[in-house]
Protein chains: 2
Amino acid sequence: MNFKESMEAKIQTIENILNQYLPKEEGFQKIVMEAMNYSVLAGGKRIRPMLMMETYRLFGGKGKVIEPFMAAMEMIHTYSLVHDDLPAMDNDEYRRGRKTTHIVYGHAMGILAGDALLNYAFETALQAFEIENNDGIPKALMILAKKAGIYGMIGGQVVDVCAVGESLDRERLDFIYKLKTGALIEASMMIGAILAGATEEEVAKVEKAAADIGLAFQIQDDILDVTSTTEILGKPVFSDEKNNKTTYVTFEGLETAKTHVAKISKAAIETIKSFQGENEFLIELVKYLIHREK
Amino acid sequence: MNFKESMEAKIQTIENILNQYLPKEEGFQKIVMEAMNYSVLAGGKRIRPMLMMETYRLFGGKGKVIEPFMAAMEMIHTYSLVHDDLPAMDNDEYRRGRKTTHIVYGHAMGILAGDALLNYAFETALQAFEIENNDGIPKALMILAKKAGIYGMIGGQVVDVCAVGESLDRERLDFIYKLKTGALIEASMMIGAILAGATEEEVAKVEKAAADIGLAFQIQDDILDVTSTTEILGKPVFSDEKNNKTTYVTFEGLETAKTHVAKISKAAIETIKSFQGENEFLIELVKYLIHREK
């Protein structure tokens, strides 16, 4: 199999796990389960659970204990999009070509379905205790919670929301980049490592590599916005400039941005290689995420 | 100390625990911590953590492992109020005489502070693992999550939101009563019992008693709305009728409602007495919740 085929097979594996953990649509409250499932099953590349699964394999993990955490991570990522799309936030009517959750189910249900997904993520991850006796579960749960919360994703989101219409200084930009997207990528890879029994030192290295991957991923987004075409990207280019959005490219210029992506992605791949496990697909995945053209 | 003094002392104990577990207001995302703390420290009788603490004592619990769960429960209760007050939901500008969170901090921050509190509740409860080695923690976490989610509080909230403007049938009314408020009261008392080492059979009895307490509490609300005065209640009476709200009293009439409150609260107190632990304050508390005049 080439990378693209492997990737599709892995996405299918993750879809199957998600389907297994998503709630049944039943009872008087059925509508909220429908809204949750509509939101989660809207497609996407499932990058976070994929990085989690691959990091688990890298450290020799072979069990099913990782699966509820993979599903939980995607639920948390999804709830953040559902709430982000609300009228009081970004007010988006479409995402990936489909109507957003609150457009289909109404504003109140958009709020409740987001809440429900965040809560259900913990109900799901907690099922790990029933799968195997693994000392890493409490720590993995804490990392899931911390990296999703005010010291992680929500923290980044708060600063991003407050920055709208204001000129962003460099420190705040770095903060948003590190937390808003970076934190869940860090959590994904750390949880994979922890549940496979990696040492504290290894987990710290994984956290750093994941932070680099998250940052490189986002800077690449900024780069593509000024170097790609609307045809290739599938969305308007130069949107950051039009929206007065300060990005890494605004501060550093295109060439420095490119050099930095190359440098930190190389560092992340070196770290992954240093663990000497099953790393082939993970390295390809990281390269794909960072050097993608759309 | 009489009951009122004991109650005030217990509220103070809970306030101290809350203050210990609430986040510091610092960092670029400081505003969200301010909004979280503003919401949680808005007062209230802290009924849920109090029931949790007292049930823990009833079964002989003496440690501090209950404290992060008490704080987490109040955070979950608070986030549900913050989101409930949003314009897309009940659109309330005041709660307990103070401006609601989204009025003070803006709509976007109302959503984010609610999300943050729900997430932080799990960060907080997970700290129990660091306090003591207690086999009940995973189960307590699962009950916290389940009773707060689509099979608990959120489930009840969803049906309540969908019922607005529609005539409610009896089955749906019971569902809302059981889940919207009842579920967190059940979770509070069950978690207290579990962390103190109660048996599965005892926890099942506690769940039933808590369900009765929650239901009696809400039927009493319906009763007071038609029997009290605006002066005593501190809010308009006959509000259910004015708002076309179907209640237990609508279906059963005032006398049956009163008889039912007396019957189920008696059953709950009998159950509490049957455990033969430190139950004096807990019984007074249950009587107070159910026979209150406002």
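Our subject is the structure listed above.
What you see is a predicted model; the values in this text were computed from it and never measured.

Caption draft 1: Structural context of the relation of the copies chain A and chain B. Taken as rigid bodies, chain A and chain B are interconverted by a rotation of 180 degrees and an axial shift of 0.0 Å, the fit giving an RMSD of 0.0 Å. On the angle and the small slide along the axis, the relation comes out as a two-fold axis. Nearest to the rotation axis, the C-alpha of Asp115 of chain A is located 3.5 Å from it, this being the minimum over chain A. Comparing contact sets, 100% of the residues at the interface of chain A also lie at the interface in chain B, consistent with an isologous, same-surface contact.

Caption draft 2: Structural view of the environment of Gly136 of chain A. Residue and element names in this part refer to chain A. Checked against the element boundaries, Gly136 lands in the loop between α7 (128-131) and α8 (137-148). Along the backbone, Gly136 and Met89 are 47 residues apart, and their C-alpha atoms lie at a distance of 36 Å. When neighbours within four sequence positions are excluded, Gly136 is seen to be in contact with Ile194, Leu195 and Gly197.

Caption draft 3: Geometry of helix α15 (residues 254-274) of chain B. Residues and elements named next belong to chain B. End to end, α15 covers 30 Å across 21 residues, agreeing with the expected 30 Å (1.5 Å per residue, within 8%). Within α15, the full set of buried residues consists of Ala257, Val261, Ile264, Ser265, Ala268 and Ile272. Looking straight down α15, one finds that the buried residues subtend no more than 100 degrees of arc, so they occupy a single side. Looking at α15, the residues exposed on the side facing more than 90 degrees away from the buried face are Glu255, Thr259, Lys263, Glu270, Lys273 and Ser274. For α15, the elements touching its buried residues are α3 (47-58), α11 (200-227), α14 (248-252) and α16 (280-291). Looking one or two residues beyond α15, the residue adopting positive phi is Gln276, at roughly 55 degrees.

Caption draft 4: Here's a closer look at the packing of helix α4 (residues 66-84) of chain A against helix α10 (residues 170-195) of chain A. Residue and element names in this part refer to chain A. Running from N to C, α4 and α10 point in directions that differ by 175 degrees, and their axes come no closer than 11 Å. Between α4 and α10, the crossing angle belongs to the class labelled roughly antiparallel. Residues Ile66, Phe69, Met73, Ile76 and His77 of α4 lie in contact with α10, whose contacting residues are Leu184, Ser188, Ile191, Gly192 and Leu195. Partitioning the contact of α4 with α10 into residue classes produces 7 nonpolar, 3 polar and no charged.

Caption draft 5: Structural context of the packing of helix α9 (residues 153-163) of chain B against helix α10 (residues 170-195) of chain B. Residue and element names in this part refer to chain B. Running from amino to carboxyl end, α9 crosses α10 at an angle of 140 degrees, the nearest separation of the two axes being 7 Å. With respect to their mutual orientation, α9 and α10 come out oblique. As α9 packs across α10, the resulting crossing turns out to be left-handed. In this structure, α9 uses Met153, Gly155, Gly156, Gln157, Val159, Asp160 and Ala163 to contact α10, whose residues at the interface are Arg172, Phe175, Ile176, Leu179, Lys180, Ala183 and Leu184. For the contact of α9 with α10, a count of residues per class yields 8 nonpolar, 3 polar and 3 charged.

Caption draft 6: Seen up close, the interface of chain A and chain B. Residue-level contacts link 40 residues of chain A with 40 residues of chain B. Class assignment for the residues of the side of chain A that touches chain B results in 29 nonpolar, 7 polar and 4 charged.

Quick notes on the rules
- Residues numbered from 1 in each chain as written.
- Chains lettered and ligands numbered in written order.
- Predicted model: local features only at pLDDT ≥ 70, side-chain atom pairs only at ≥ 80, totals over all residues.
- Least-squares fit on C-alpha atoms with pLDDT ≥ 70 in both.
- Contact = placed C-beta atoms within 7 Å.
- Helix = DSSP H or I, 4+ residues; strand = E, 2+ residues; numbered from the N terminus.
- Expected span 1.5 Å × (residues − 1).
- Buried ≥ 20, exposed ≤ 12 C-beta atoms within 10 Å, placed from the backbone.
- Arc of directions from axis to C-beta.
- Axes fitted to C-alpha atoms, helices over the stretch in contact; angles between N-to-C directions.
- Parallel < 35°, antiparallel > 145°, perpendicular 65-115°, else oblique.
- Nonpolar A, V, L, I, M, F, W, Y, C, P; charged D, E, K, R; others polar.
- Left-handed = near helix turned anticlockwise from the far one by under 90°.

Remember, this is a structural readout, not a statement about activity or role.
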